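What follows is the residue order along each chain.
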Amino acid sequence: MLKKWGVIVIDIQGDFTKWKQGSLAVPGSDENYVKSVEVATRQFKELGVPILGTQDWHSPDHISFATSHPGKRPFETIIIDGGTQALWPPHCIQGTENARVLIDNNLFLAIVKNAQDPDFENYSFFQYGKGTKTEMDTILRINGIEKVILYGIATEYCVRATSLDLLAAGYKTTVIEGLCRGVSTDAAATALDEMRCKGVRVITTPEEMIKEILQEIFDK
Ligand SMILES: [Zn+2]
């Protein structure tokens with residue numbers, strides 16, 4: 001068992017995919033994309049790497065929904081408590097079909113949820129509110145994970161925020177770009193640059209990562 005690596009699969013949920021005609025479907029999120037995420041995740045699991053999933057999990061009246069702000073439209077930005085808040089179409093509402101994680105749930109050791117506070121939006125699955133940790137850090141620690149591999153949806157929101165928080169908490173963090181999808185291609189590219197600058201390793205394909213882990217196994 002390789003204890004030091006861990007994988008975090010971010011928000012592979014119906015509402016973010018074209019495949020399931022999601023309300024916030026991101027470009028390039030067809031069935032083939034979801035299947036490629038599942039195949040890679042299964043390969044990591046077969047190498048003995050523990051897998052965590054994440055799940056965006058909103059109350060129906062969540063503050064980030066345009067419908068919670070009369071007169072506002074999705075993708076507008078408003079100011080709340082001095083900070084900017086992007087407004088989204090309602091998505092990933094707790095208990096709905098399109099909030100389900102689309103890849104085989106048996107792959108996951110655990111699924112970490114966010115957005116549970118109706119009055120606060122957080123894109124990170126590492127912490128929420130004003131810096132309260134989710135269970136992610138504890139789960140990583142009790143499994144001896146020090147190096148984290150991330151991918152999923154959306155690059156410039158939950159993948160970015162979670163990977164930067166992991167990095168700040170001392171985890172070696174690798175993002176697999178080819179398994180990520182962004183809301184906006186330009187913003188996703190900018191976010192990947194920012195992540196690189198701050199010290200996140202960005203690689204292109206899961207094959208590179210699998211090769212590296214296999215090499216470690218052979219070297220032992
Ligand atoms: Zn959300």
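For the structure itself, look to the data block above.
Each chain carries its own residue numbering, running from 1 in the written order of its sequence. With the structure being a predicted model, the display of local features is reserved for residues of pLDDT at least 70 and the display and counting of side-chain atom pairs for 80 or more, all residues being used for whole-chain, interface and lining totals. Heavy atoms throughout the structure, all of them, feed into the side-chain values; hydrogens and water do not.

> Would you take a moment to explain the coordination of the zinc ion for this structure?
Coordination angles at a metal have ideal targets, namely 109.5 degrees for four tetrahedral donors and 90 or 180 degrees for six octahedral donors. Each metal's donors comprise the N, O and S atoms found within 2.8 Å of it (within 3.2 Å for Na, K or Ca). Water is not part of the atom list, so some coordination spheres may appear incomplete. For the zinc ion, every protein donor is listed as Asp 56 (OD), His 58 (NE2) and His 91 (NE2), and the spread of their distances is 2.0 to 2.1 Å. Here the donor residues of the zinc ion share one chain and are spaced in sequence as D-x1-H-x32-H. Of this pair, Asp 56 sits in strand 2 (residues 51-56) while His 91 sits in the loop between strand 4 (83-86) and strand 5 (110-114); the two residues are 35 residues apart in sequence, bridging distant segments of the chain. Both residues of the pair, Asp 56 and His 91, count as buried. The helix and strand labels rest on DSSP assignments: H or I over at least four residues marks a helix, E over at least two residues marks a strand, and numbering proceeds from the N terminus. For every residue, the accessible area (1.4 Å probe, protein chains only) is compared with the maximum for its type, and the residue is labelled buried under 20%, exposed over 50%, or partly exposed between those bounds.

> For this particular structure, what's the right way to read the side chain of Asp 137?
Among the secondary structure elements, Asp 137 is positioned in helix 2 (residues 136-142). On the accessibility criterion, Asp 137 (5% relative accessible area) is buried. What qualifies as a polar contact is a pair of N or O atoms within 3.5 Å, subject to a donor-acceptor requirement within protein and to the restriction that residues adjacent in sequence count only when both atoms come from side chains. A distance of 2.8 Å separates the side chain of Asp 137 from the side chain of Lys 133, its partner in a polar contact. Setting aside residues no more than four positions away along its own chain, Asp 137 makes contact with Phe 126 and Tyr 171. Contacts: residue pairs with any heavy atoms within 4.5 Å of one another.

> Is there a simple way to explain the pairing of strand 4 in this structure?
One face of the sheet, then the other: side chains in a regular strand alternate in exactly this way. Only strands that DSSP links by at least two bridges are regarded as paired with each other. Judged from the four bridges that link them, strand 3 (residues 77-80) and strand 4 form a sheet pairing that is antiparallel. Each bridged residue has a counterpart across the sheet, and for Thr 77 the counterpart in strand 4 is Ala 86. The antiparallel pairing of strand 3 with strand 4 creates a hairpin that spans two residues between the two strands, and Asp 81 there sits at a positive phi of about 50°.

> I keep staring at unusual backbone geometry and nothing clicks. Help me out?
With glycine set apart, most residues show a phi of negative sign, and most peptide bonds adopt trans. Omega for the bond connecting Ile 153 with Ala 154 falls within 30 degrees of zero, at -10°, which places this linkage in the cis form. Residues other than glycine seldom take positive phi values, yet Gln 21 does so here, at roughly 50°. The residue Gln 21 is located in the loop between strand 1 (5-10) and helix 1 (31-46) in this model. Positioned with a positive phi, Asp 81 is a non-glycine residue whose angle comes to about 50°. Note that Asp 81 resides in the loop between strand 3 and strand 4.

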